Amino acid sequence: MPRQSIRDQILKPLNAQQRDAVTHGEEPLLIVAGAGTGKTATIVHRVAWQILDGVPPHRIMLLTFTRRAAEEMIRRVNAVLRRMALSEEGSTLMTSGLVGGTFHAVAVRILRQYGPRIGLSPDFTVLDRSDAEDYLDVLRAELKLTEKTSRRFPKKGTCADIYSRVVNAQEPLEKVLEERFPWCRDFEGDLRELFSLYQRRKLENANLDFDDLLLKWREVLADPFVASESARRFTRVFVDEYQDTNVLQAEILYRLCPTGAGLTVVGDDAQSIYSFRAATVRNILDFPQHYPAARLVVLEQNYRSTVPILRLANEVMAAAAEKFTKNLWSGNEFGGKPLLVACNDEQDQAEYIVRRILSLREEGIDLRCQAVLFRAGHHSLVLEAELTRRGIPYHKYGGLKFLETAHIKDLLAFLKLAENPRDIVAGTRVLRLLPGVGAAKARALLGLLPARPNPFDVWRATRPPAAAAKLWPDFVKLMEGLCDPQVPLVAQVASIREFYEPLLPELYDNPNPRARDLEQVELIASRYADRRTMLTEITLDPPSSTQDLAADPILDDDYLVLSTIHSAKGLEWDAVYVLNATDGHIPSDMSTRSQEQIEEERRLFYVALTRAKRHLIVCHPTRYYISRYSGDPQYGFAQ
């Protein structure tokens with residue numbers, strides 16, 4: 001096929017705004033993609049266009065917020081190129097070498113290669129969020145911080161939240177405590193001591209948490225050699241969901257692309273809703289100021305919702321204090337107006353929603369094509385009770401994830417300890433599974449391990465607590481076996497299961513479902529070449545279970561979706577119900593203390609509205625009409 005014809009074929013399914021974005025040259029490009037405007041299709045076709053233009057795939061970096069998003073985009077790029085007859089059917093050669101993944105996953109790749117230049121061991125292990133909390137908890141006890149004061153010292157989760165905010169927002173500890181954790185202000189000195197020790201111990205033990213991955217990537221890019229090599233290697237950089245990036249991620253991007261040449265970022269300022277994770281809308285709003293040569297392309301044609309729904313969404317964002325102006329439109333004129341339904345109270349609201357859901361189901365809209373959205377998880381409790389009473393199955397987003405369950409973390413801790421015997425979190429967790437071993441004894445046992453491969457043989461001569469004496473020889477034998485490089489990963493997991501499963505009835509309720517979950521880990525292990533790869537990848541992008549773990553599964557093949565608005569972002573349903581559109585709920589009374597918080601609450605409501613394809617119902621229980629917010633009344637929901 002002639003090259004011009006190929007170009008025409010690539011552009012054929014796109015609208016005029018998408019074509020402008022796809023064919024843009026090397027100058028920095030900001031694509032502001034309104035909800036439902038074909039953002040992913042635009043990125044995919046722009047990557048394909050770059051490859052057609054002669055950019056080698058291994059010169060392209062694609063940064064997303066989930067591994068699955070990167071894999072899906074790369075798959076779709078291949079599909080586009082195959083349709084253009086640029087590769088043989090089934091071939092993946094056209095995107096071979098393209099680096100795609102989350103910021104954290106790409107950081108691991110970079111740091112494995114260049115980390116030694118900043119004193120980082122290439123054999124580091126990655127701590128997930130709960131590991132980081134446990135690490136801080138161990139150090140809290142070591143520093144005796146809870147004994148220094150008669151007041152309650154922040155718990156491990158709060159300490160981890162504070163530390164992460166300081167790192168990702170690049171804000172001083174004093175400011176973070178003052179604005180985000182005022183009840184912890186009196187502990188500023190102790191927190192500094194804790195965080196300083198935390199940083200030192202991680203470095204000594206070759207551990208990096210999620211925050212460190214970004215910090216170290218930024219640090220290694222300050223090395224002139226690494227910066228030069230990165231600029232030579234990656235001539236095209238794409239960033240998806242740019243409105244969800246934090247200050248640290250933006251700084252990495254500025255070092256990666258100092259002039260902006262070859263840089264494309266895609267996002268929607270109207271969907272920036274994750275400030276609680278330190279994301280900042282300033283990154284996308286200030287992009288044109290940071291890169292004065294940047295071009296702005298706005299995608300406005302919506303392929304999801306009806307015109308009446310879009311008119312409402314546009315009106316909500318019209319009053320935003322600062323924004324990229326866009327007017328979503330659609331060729332889909334059919335569909336009734338969104339409904340604002342006044343209810344007496346939460347029970348009346350729940351009963352109305354159930355009636356409406358069942359009515360739409362009779363009209364042919366399955367339960368799974370309908371969703372109820374709410375500002376906070378507890379807002380749906382009355383509705384859940386009514387659904388249960390009426391026998392309507394539902395799935396609530398935001399439950400416990402697969403790798404967050406205690407028994408899965410136990411099994412993985414064996415692998416983590418074998419991979420890095422200096423990992424005090426994994427070591428403490430494993431040893432405390434044995435009867436009679438407490439935190440102090442676990443630390444003492446870990447302190448005996450020498451700094452060499454397979455150090456666990458020293459435990460043979462160690463006398464364990466009497467309660468653990470029967471298990472101790474098998475435990476030491478297991479740990480030694482896990483360090484044998486000839487033992488395949490699947491066999492390692494099987495040997496852990498053989499030792500660990502008999503302990504389940506003593507450790508946890510519902511041991512049988514938990515044992516089945518352990519079988520799933522063995523299946524997951526079969527997908528990986530080695531232990532390090534598995535531990536790194538599932539930590540950075542953990543799999544989710546399809547059922548409520550250690551409980552009875554939902555057997556019905558159709559169920560209603562319940563979700564917080566935050567968890568619903570990126571999804572869509574035929575019918576959407578928004579709960580509790582009242583002051584104190586939307587907007588949340590905890591998020592109206594500043595203009596910035598109020599603006600984010602507006603964007604959150606916009607996200608909820610734009611999840612609906614055909615039917616949108618906003619419920620307004622009048623019992624909650626009086627706001628607990630004492631500020632300017634212009635921010636009330638009724639206005």
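Scroll up a little and you will see the structure.
Residues numbered from 1 in each chain as written. Predicted model: local features only at pLDDT ≥ 70, side-chain atom pairs only at ≥ 80, totals over all residues. Heavy atoms only, no water.

K.L.:
Before we move on, can you summarise the pairing of strand β2 (residues 60-64) with the specific residues and values?
P.N.:
Extensive coverage of β2 is indicated by the burial of 5 of its 5 residues. Taking every second residue as pointing to the same face, both faces of β2 are buried, with I60, L62 and T64 on one and M61 and L63 on the other. Sheet analysis places β2 next to strand β6 (residues 236-239), joined by 4 bridges and oriented parallel. Bridging across to β6, L62 finds its partner in F238. Note: β2 against strand β3 (residues 99-102), 4 bridges, orientation parallel. (Buried < 20%, exposed > 50% of the residue type's maximum accessible area, 1.4 Å probe, protein only. Helix = DSSP H or I, 4+ residues; strand = E, 2+ residues; numbered from the N terminus. Pairing = 2+ DSSP bridges.)

K.L.:
I'd like a description of empty space enclosed by the protein, backed by residues and values.
P.N.:
A full pass over the atoms with the stated rule returns 6 cavities of 30 Å³ or more. By volume, the largest cavity amounts to about 110 Å³. Mapped onto the lining of the largest cavity, the elements with two or more residues apiece are β4 (125-127), α18 (406-419) and α25 (531-540). For the lining of the largest cavity, the leading source of residues is α25, giving 4 residues. For the lining of the largest cavity, the residue count by class is 4 nonpolar, 3 polar and 7 charged. Viewed by domain, the lining of the largest cavity spans two of them, domain 2 (125-205) and domain 4 (403-543), each represented by three or more residues. A volume near 70 Å³ is recorded for the second largest cavity. As for the second largest cavity, its lining consists of D128, D131, L403, K409, L412, A413, K416, V425, A426 and R429. Sorting the residues of the lining of the second largest cavity by element identifies α18 and α19 (424-431) as the ones contributing at least two each. Broken down by element, the residue count for the lining of the second largest cavity peaks at 4 residues, all from α18. Here the lining of the second largest cavity is composed, by residue class, of 5 nonpolar, no polar and 5 charged. (1 Å grid on protein atoms, 1.4 Å probe; cavity = no way out; pocket = protein on both sides within 12 Å on 5 of 7 lines; lining within 4 Å. Points joined across faces, edges and corners; volume = space filled by probe spheres on them. Nonpolar A, V, L, I, M, F, W, Y, C, P; charged D, E, K, R; others polar. Domains from an automatic or database assignment.)

K.L.:
Which residues make up helix α21 (residues 472-482), and what values do they have?
P.N.:
Looking at α21, one finds that the buried residues are W472, F475, V476, L478, M479, E480 and L482. Buried-residue contacts for α21 involve α18, α19, α20 (439-447), α22 (489-500) and α25. (Contact = heavy atoms within 4.5 Å.)

K.L.:
Tell me what's going on with the packing of aromatic side chains, and back it up with residues and numbers.
P.N.:
Evaluation of the coordinates by the stated rule reveals 20 aromatic pairs. Each ring, one from Y274 and one from F276, has its centre 6.0 Å from the other, and the planes form 65 degrees; the classification is edge-to-face. Take Y274: its relative accessible area is 10%, and that puts it in the buried class. These aromatic residues form a ring-pair network of at least three members: F414, F456, W459, W472, F475, F499 and Y500. When the ring centre of F124 is taken as reference, the NZ or CZ atom of R112 above it lies at 4.1 Å. Sitting above the plane of the Y274 ring, R277 keeps its charged end 4.4 Å from the centroid. (Phe/Tyr/Trp six-rings, centres within 6.5 Å; stacked < 30°, edge-to-face > 60°. Lys NZ or Arg CZ within 6 Å of the ring centre and 35° of its normal.)

K.L.:
Please provide a residue-by-residue account of the sheet that holds strand β1 (residues 29-33), values included.
P.N.:
Strand pairing in a sheet relies on backbone hydrogen bonds. The paired strands run either parallel or antiparallel. Sheet architecture is open: 6 strands sit in the order β3-β2-β6-β7-β1-β8, paired in parallel fashion. Every interior strand has two partners, whereas the edge strands, β3 and β8 (295-299), have only one. Within this sheet the neighbouring strands show an average axis-to-axis angle of 15 degrees, counted without direction. Against the sheet, helix α2 (residues 16-23) contacts β1 and β8, and its axis sits at roughly 145 degrees relative to β8. Each of β2, β6 and β7 (263-267) touches helix α12 (residues 247-256); the most contacted strand, β6, lies at about 165 degrees to it. (Axes fitted to C-alpha atoms, helices over the stretch in contact; angles between N-to-C directions.)

K.L.:
Any details on the environment of V521? Residues and values, ideally.
P.N.:
Locating V521 in the fold gives a position in helix α24 (residues 511-525). Exposure remark for V521: the relative accessible area of 2% places this residue in the buried category.

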